[in-house]
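# Fold and contact review
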Amino acid sequence: MALLKLKFNQKKRVKLAQGLWLMNWLSVFAGILVFSMGLFLKIELRKRSEVMDNSESHFVPNSLILMGILSCAFNGFAGKICYDSLDPAKFAKWKPLLKPYLALCCVFNMLLFFVALMCFLMRGSLDSTLAQGLKNGMKFYRDTDTPGRCFMKKTIDMLQIEFKCCGNNGYKDWFEIQWISNRYLDFSSKEVKDRIKSNVDGRYLVDGVPFSCCNPSSPRPCIQYQVTNNSAHYSYDYQTEELNLWRRGCREALLNYYSGMMSSMGAVILLVWLFEMSVMVGLRLLHTSLESIANPEDPECESEGWILENSLKDTFKSALENLKKLGKFNQVEAGGEGAEGEEGGKTPAITTVS
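Residues numbered from 1 in each chain as written. Predicted model: local features only at pLDDT ≥ 70, side-chain atom pairs only at ≥ 80, totals over all residues. Heavy atoms only, no water.

Threshold: UniProt positions are given in the numbering used here, feature names are shortened, and annotations may be inferred rather than shown by experiment.
The name recorded for the protein chain in an unreviewed UniProt entry is Peripherin-2, from Myiagra hebetior. The Sequence similarities (unreviewed entry) comment attached to the protein chain in UniProt states, word for word, "Belongs to the PRPH2/ROM1 family." In its Subcellular location (unreviewed entry) section, the UniProt record describing the protein chain reads: "Membrane".

### Overview of the state of the cysteines
What counts here: Any cysteine sulfur atom paired with another within 2.5 Å is treated as part of a disulfide.
Evaluation of the coordinates by the stated rule reveals three disulfides. Numbered by position along the chain, the disulfide-linked cysteines of the protein chain connect as 1-6, 2-3, 4-5.

### What about the packing of helix H5 (residues 123-139) against helix H8 (residues 250-291)?
Under the convention used in this document: Angular values range over 0 to 180 degrees, each being the angle between N-to-C directions of two axes fitted as lines to C-alpha atoms, with helices fitted over their stretch in contact. Each helix corresponds to a stretch of at least 4 residues labelled H or I by DSSP, and each strand to a stretch of at least 2 residues labelled E; elements are numbered beginning at the N terminus. Should the near helix be turned anticlockwise from the far one by less than a right angle, the crossing is left-handed, and should it be turned clockwise, the crossing is right-handed. We call two residues in contact whenever any of their non-hydrogen atoms come within 4.5 Å of each other.
The interhelical angle for the contact between H5 and H8, taken along N-to-C directions, is 150°, at an axis separation of 10 Å. Regarding H5 and H8, the two cross each other, and that crossing is right-handed. Of the residues in H8, those in contact with Arg123, Leu126, Asp127, Leu130, Ala131 and Leu134 of H5 are Cys250, Arg251, Leu254, Leu255, Asn256, Tyr258, Ser259 and Met262.

### Some details on the side chain of Asp143
Rules: A simple rule labels every residue: compare its accessible area, found with a 1.4 Å probe on the protein chains alone, to the largest value its type can have, and call it buried under 20%, exposed over 50%, or partly exposed in between.
With respect to the helices and strands, Asp143 occurs in the loop between H5 and helix H6 (152-163). Take Asp143: its relative accessible area is 13%, and that puts it in the buried class. Asp143 has contacts with Arg149 and Cys150, leaving out every residue within four places of it along the chain.

### Things to note about the nonpolar core
Selection rule: In these notes, a set of buried Ala, Val, Leu, Ile, Met, Phe, Trp, Tyr and Cys residues joined through side-chain atoms within 4.5 Å is what counts as a nonpolar core. Each domain span listed reflects an automatic or database assignment of domains.
One finds Leu41, Leu64, Leu126, Tyr171, Trp174, Val209 and Tyr258 to be the most contacted residues of the largest nonpolar core, which totals 77 residues. Elements that contribute at least two residues to this core include exactly helix H1 (10-47), helix H2 (59-84), helix H4 (95-121), H5, H6, helix H7 (190-197) and H8. It is H8 that provides the largest number of residues to this core, a total of 16 residues. In this structure, this core is formed jointly by two domains, domain 1 (3-137 + 252-297) and domain 2 (171-247), each of which donates at least three residues. Ignoring any residue separated from it by four or fewer positions in sequence, one finds Tyr171 in contact with Cys166, Val209, Val227, Leu243, Leu245, Trp246 and Arg247.

### Details of the packing of H2 against H8
Let me state the cut-off plainly: An angle below 35 degrees is read as roughly parallel, one above 145 as roughly antiparallel, one from 65 to 115 as roughly perpendicular, and any other as oblique. Three residue categories are used. Nonpolar comprises Ala, Val, Leu, Ile, Met, Phe, Trp, Tyr, Cys and Pro, charged comprises Asp, Glu, Lys and Arg, and polar comprises the others, including Gly.
Contact geometry for H2 and H8: axes closest at 12 Å, N-to-C directions at 25°. One element, H2, and the other, H8, form an angle in the roughly parallel class. The two elements H2 and H8 meet at a crossing, and its hand is left-handed. Counting all contacts with H2, which are made through Leu64, Ser71, Asn75, Ala78 and Cys82, the residues of H8 involved are Met265, Ile269, Glu276, Val279, Leu283 and Leu286. Classifying every residue of the contact of H2 with H8 by side-chain character gives eight nonpolar, two polar and one charged.

See below:
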């Protein structure tokens, strides 16, 4: 029994063709939207590539760009088919191409659904990418005189100000690295010497943070240095008092920013996928309803359209049988080639008569 079998007369076929023509051109605009989202995401990732690990993948934005281009091409082609289906003479030239085209549409929709899922699942890979990239960026914060790294201080400062964050996981991350350049340290000072000697790696570590970690909405002047020294500040206890520094780490801030963006994109792509699926189903009904016309010379006669010629179970069984036949055919061919090789390898015996 055919799946979703419907009866069509000429009026219904014309309405279906016209509706599909309009839907296909709407899908072209949806493809442009998908392309634009991929391009926007790629630009946003490029903006902060300095604080992302080199292993950061642009698979999702590149996939969105590709899907957008394919969507425009596929739906533009389908729109032409739907327009020509109104004229039986013009539609005749498209008949041999419809089945391969519908098979390609199935593959395209599967890929589109996969890309939508990747938008929701990219958070994990992005988390590790940001964690390592921010860690490296903070290490290079002091290298303002090093070619290739001199921009890192400005990048980190602007990032912390824009996203209202501090450090990788929090402000205490700055306590573990030397973020002040040796150029601005007085090595004749006893305090500087003591701090360097007290560290195994010979680094100048302080319980301070860059100015960009300060929260300007705090009523108290920013406590940027000696953050953990209660005696250095009047009426201050860093363990109980709400610090006037950003408490959220930049990894979390950036992760939330990109995750929210990609979740929204994933939802939009799922809607586009549902629309594309409905267009593909409609095109299949139009294809079968035109092919099943009993009398091609009488375009007004009724016909039947369906999604699958048989039920899902029978279609699945038929597909499995075809795969088995294909496998057996390949085995027979391989066996035949082997037999021919053995025969060719035999050398005829030569007898000499003396």
